[in-house]
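Given next are the chains, with one letter for each unit.
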Amino acid sequence: MAFRARHLLGIEHLSQEDIRTVLDLADRYVDLNRRTVKRTDVLEGMTQINMFFENSTRTQSSFELAGKRLGADVMNMSMQTSSVKKGETLIDTALTLNAMHPDLLVVRHQNSGAVDLLAQKVNCAVINAGDGKHEHPTQALLDALTIKRAKGRIQRLTVAICGDVAHSRVARSNLILLGKMENRVRLVGPPTLMPAGIGEFGCEVYEDMREGLKDADVVMMLRLQRERMDGGFIPSEREYFHRYGLDAEKLACAKPDAIVMHPGPMNRGVEIDGTIADDINRSVIQEQVEMGVAVRMAVMDLLAQNLRADRGRALTEETYA
Amino acid sequence: MTLFLANARLIDPEALTEIEANLVIDNGIIAAIGAMSAPQGATVIDCSGKYLAPGIVDLGVKIGEPGERHKESFRTAGQAAAAGGVTTIIARPDTSPAIDTPETLEFVTRRAAQAPVRIHHMAALTKGREGREMTEIGFLMDAGAVAFTDTDHVTTDTKVLSRALTYARSLGALVIGHPQEPGLTKGAAVTSGKFASLRGLPGVTPMAERMGLERDIALIEMSGVRYHADQITTARALPALARAKAAGLDVTAGVSIHHLTLNEYDVGDYRTFFKMTPPLRSEEDRLAVVQAVADGLIDVICSMHTPADEESKRLPFEDAASGAVGLETFLPAAMRLFHAGYLSLPQLFRAMSLNPAKRLGLPQGRMAEGAPADLVLFDADAPFVLDRFTLHSKSKNTPFDGTRMEGKVLATFVGGVQVYNNDNE
């Protein structure tokens, strides 16, 4: 088994081999999830805590379901209404939780790097469920699994990531993952929504969407993150849809068999035309949700194996010391 | 009391030379330099193989009094300074409340007597450092303020600033600016670019510094004020500075030792001890600024000593406090530039001691007969690994924790009195 990581904080820390290991195992969980009886016991007796400092419905329920199907005891903590409001720092919250001996901690936080900070202070496996504008590794892994199953491979593809790249952790994680797997990555969007220094990332940048989509195998749309904007990145949503919204005409520039992806939740009529999103021949948006549960099961399974091995080692060292 | 420092390698930042000689201290003054023998009754200190330089004059040190004494007091800052070879601290007014009245200035002047080194105070340029009304610049000068600055609060209202600068000019006051365009700087935690984008942190373009400096230069030209830019940290701001100097404006500039020795990638995995104002820059910028110090375009190197407690640093990067302590690691960090061959020791002490003293009209900073005997004796090569908990500062937020450094202060003298001895540590 190649996957030796203690936490999943970002795609940045994974090797090509790690990514393949996760995707192969996730493939098996896809089959399990399609059965009537979906339960296994690989996390039997383990405790999973979901800490979401930022609102989330789909990611949190996906992690909750993944944990339950693996047999873990899952607890959801809604951090917006908790002691954080009373002024408790992130570190104190982490230490408090740590004292309850969780085995898996799933964390989403509005600040980049906050999950890294938390991981330094606890002795369980930490999974980053999205930190600020930094990374969202399970999203990139589920996107990779979706692509792999639709295209039959996850290398040597041309992938266009379109829209609000600057505010998107999904774009960052995908950019790193697709690069590691040797794909050609294009970023498409207005310059005000492109992060600085993006030219140094080994990808192509397009301001014209039709050019950017030309001969693409995969069109990955991003949500316009209205809540993350501090004003004035684009003139209006209708102009944005006109220039960067995915409609049939722009999609015609991509390969005829190109697939359309979106991490959700969608702003129909802003970044994507509703009819494209619902077109079952092109859109794999529902598959992405399905793959999400399988990938999260695979990640938690692998991290739990490493956790057991680490604890086993520690116990042995204690016994023979 | 007479001291005789024998066989020291004397660094003269005025002549830009290093010579081996003896030095006599009498009555707090450098009485003689040369090959003479020890006067009768003098205490002899053997300095063979060690360097002796004018003590550092550190322009822009934050001390937590009043308001934040749990982070740093005059006593602890003074001890840290002595251990770092800093013999004169120029204290910043970004305290709580700000030093913006003669009364608060008198309070800090009284408190500063607890420190073993010299301390001069700067006062705020505008009340509460809020950029709305100028302070009582005249009264504050009478009470001993050596310069006026709102530190990192940039006055956005140009009319207010131009009036304050014009009034300051009429009194011959020195104004210290923070050249950063405030709109672009707002909310930024790092310098924009590949690193900021990889880490998903809000960045500010290095161009914000040039824009801030260009504005200030226009106002200096209008008002004729004496002006010092606290930190110039980017290559793109340097031509503007050079033009202003060539045009004969009374402008000088500084840079922090951290910006000369670290770059943006040192932040690594969100290490908040590397969060500074302005943020650490690219390696190209760092090298350009080092060269500007060597050329004399940038006049002053300072520590920008900014104590912050653990609570304010153990937070997600964007929320964490900015700044680092620097008094005690100033000289060893500067030795990195010497050992790497970028700057000679006289060039370093020209920027760390002579130039800041000259700019503030102080008699310190010189290695000459008749100059105050504010001196630092150091071994430029002594290696050590820094343990932040050994620092004298109350706050331990140094970016150099656990790093290998070369260069140890052996003894520090202020007015001929030894205030630090490495043997006692």
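Reading the values: the criteria
- Residues numbered from 1 in each chain as written.
- Chains lettered and ligands numbered in written order.
- Predicted model: local features only at pLDDT ≥ 70, side-chain atom pairs only at ≥ 80, totals over all residues.
- Heavy atoms only, no water.
- Contact = heavy atoms within 4.5 Å.
- Buried area = accessible area lost by both parts, 1.4 Å probe.
- Salt bridge = Lys/Arg side-chain N within 4 Å of Asp/Glu carboxyl O.
- Buried < 20%, exposed > 50% of the residue type's maximum accessible area, 1.4 Å probe, protein only.
- Helix = DSSP H or I, 4+ residues; strand = E, 2+ residues; numbered from the N terminus.
- Arc of directions from axis to C-beta.
- Pairing = 2+ DSSP bridges.
- Axes fitted to C-alpha atoms, helices over the stretch in contact; angles between N-to-C directions.
- Polar contact = N/O pair within 3.5 Å; in protein donor to acceptor, adjacent residues only side chain to side chain.
- Core = buried A, V, L, I, M, F, W, Y, C linked by side-chain atoms within 4.5 Å.
- UniProt positions renumbered as here; feature names shortened; annotations may be inferred.
- Parallel < 35°, antiparallel > 145°, perpendicular 65-115°, else oblique.
- Left-handed = near helix turned anticlockwise from the far one by under 90°.
- Nonpolar A, V, L, I, M, F, W, Y, C, P; charged D, E, K, R; others polar.
- Phe/Tyr/Trp six-rings, centres within 6.5 Å; stacked < 30°, edge-to-face > 60°.
- Lys NZ or Arg CZ within 6 Å of the ring centre and 35° of its normal.
- pLDDT = per-residue confidence, 0-100.
- 1 Å grid on protein atoms, 1.4 Å probe; cavity = no way out; pocket = protein on both sides within 12 Å on 5 of 7 lines; lining within 4 Å.
- Points joined across faces, edges and corners; volume = space filled by probe spheres on them.

Caption draft 1: Looking closely at the interface of chain A and chain B. Each partner contributes residues to the interface: chain A has 21 residues there, and chain B has 16 residues. Summed over both partners, the interface of chain A with chain B buries about 1600 Å², with 56% contributed by carbon and sulfur atoms. For chain A, the biggest contributors to the area lost against chain B are A:N111, A:S112 and A:F201; these three give 27% of the whole. Across the contact surface, chain A and chain B share one salt bridge. Of the charged contacts, one joins A:E12 and B:R199 as a salt bridge, the two residues approaching to 3.3 Å between their closest N and O atoms.

Caption draft 2: Main features of helix α3 (residues 90-98) of chain A. Residue and element names in this part refer to chain A. The set of residues buried in α3 consists of L90, I91, T93, A94, L97 and N98. One face of α3 carries all of its buried residues, which in axial projection span an arc of 160°. The inward-facing, buried residues of α3 contact β1 (47-52), β2 (73-78), β3 (104-109) and α4 (114-119).

Caption draft 3: Region of interest: the sheet that holds strand β9 (residues 259-261) of chain A. Residues and elements named next belong to chain A. A sheet is described by the order of its strands in space; here five strands give the open sequence β7-β6-β5-β8-β9, paired in parallel fashion. The outermost strands of the open sheet, each flanked by one partner alone, are β7 (204-206) and β9. For this sheet, the mean inter-axis angle between neighbouring strands, taken without regard to orientation, is 20°. Both strand β5 (residues 158-162) and strand β6 (residues 184-188) contribute to a ladder of five bridges, which runs parallel.

Caption draft 4: Quick look at the pairing of strand β17 (residues 404-414) of chain B. Residue and element names in this part refer to chain B. Of all 11 residues that make up β17, eight are buried, and the element is covered over most of its length. Examined bridge by bridge, strand β16 (residues 375-385) and β17 share eight bridges and lie antiparallel to one another. Bridged to F384 within β17 is M405. In this sheet, strand β18 (residues 417-421) lies alongside β17 in antiparallel orientation, the contact comprising four bridges. Bridge assignment links F413 to a residue of β18, and that residue is Q418.

Caption draft 5: Structural detail: the environment of B:E209. All names here are of chain B. Assignment of secondary structure puts E209 in helix α7 (residues 207-223). Overall, the relative accessible area of 0% leaves E209 in the buried class. C-alpha of E209 to C-alpha of Q231: the two residues are 22 residues apart in sequence and 9.3 Å apart in space. Those residues in contact with E209 that lie beyond four places of it in its chain are P179, Q180, Q231, I232, T233, T234, A237, P278 and R281. Among the polar contacts made by the side chain of E209, one reaches the side chain of T233 at a distance of 2.5 Å.

Caption draft 6: Geometry of the nonpolar core. Grouped together as the largest cluster of nonpolar side chains are 100 residues, with contacts concentrated most on B:I89, B:I301, B:L348, B:F349 and B:F378. The residues touching B:L348, leaving out its near neighbours within four places in the chain, are B:I301, B:A334, B:M335, B:L337, B:F338 and B:L343.

Caption draft 7: Region of interest: the pattern of salt bridges. Residue and element names in this part refer to chain A. A complete count under the given rule lists 36 salt bridges over all chains for this structure. Between R311 and D103 there is a salt bridge; the shortest N-O distance is 2.7 Å. Of this pair, R311 sits in helix α11 (residues 285-320) while D103 is found in the loop between α3 and β3, placing the two residues 208 residues apart along the sequence. Given the relative accessible area of 36%, R311 is considered partly exposed. By relative accessible area, which is 9% here, D103 ends up buried. Ionic contacts of the salt-bridge type, sharing partners, join the residues D24, D27, K148 and R149 into one network.

Caption draft 8: Inspection of the UniProt feature "binding site: L-aspartate" (unreviewed entry) in chain A at higher detail. All names here are of chain A. Mapped onto this numbering, the UniProt entry gives "binding site: L-aspartate" (unreviewed entry) at K86, R169 and R223. For R223, the location among the structural elements is in the loop between β8 (218-221) and α8 (237-244). Sequence-distant contacts of R223, defined by excluding residues within four places in its chain, comprise D164, H262, G264, P265, N267 and E271.

Caption draft 9: Quick look at the packing of α7(B) against helix α8 (residues 238-246) of chain B. All names here are of chain B. In contact at an axis separation of 9 Å, α7 and α8 are set at 15° when each is read in the N-to-C sense. Considered as vectors, α7 and α8 are oriented roughly parallel to each other. Once α7 is placed against α8, the crossing between them reads as left-handed. Of the residues in α8, those touching α7 at L213, E214 and I217 are A240, L241, R243 and A244. A class-by-class count of the residues in the contact of α7 with α8 yields five nonpolar, no polar and two charged.

Caption draft 10: The packing of aromatic side chains, seen in detail. Under the criterion given, the structure shown has four aromatic pairs over all chains. These aromatic residues form a ring-pair network of at least three members: B:Y51, B:F349 and B:F378. Sitting over the face of the ring of A:F201, B:K194 holds its NZ or CZ atom 6.0 Å from the ring centroid. We note B:R199 situated over the ring of B:Y270; from NZ or CZ to the ring centre the distance is 5.9 Å.

Caption draft 11: Examining the confidence of the model for chain B more closely. Residues of chain B with pLDDT of at least 70 account for 100%, and the chain-wide mean is 97. Taken over the whole predicted complex, pTM reads 0.93, whereas the ipTM for its chain interfaces reads 0.89.

Caption draft 12: Seen up close, empty space enclosed by the protein. Residues and elements named next belong to chain B. For the coordinates displayed, the defined rule picks out three cavities of 30 Å³ or more. Every residue lining the largest cavity is counted, 17 residues in all, and those nearest its centre are T155, L161, I176, G177 and H178. Going through the elements one at a time, β9 (147-149), α4 (158-170), β10 (174-177) and α7 are the ones with two or more residues in the lining of the largest cavity. Residues that form the lining of the largest cavity fall into these classes: eight nonpolar, six polar and three charged.

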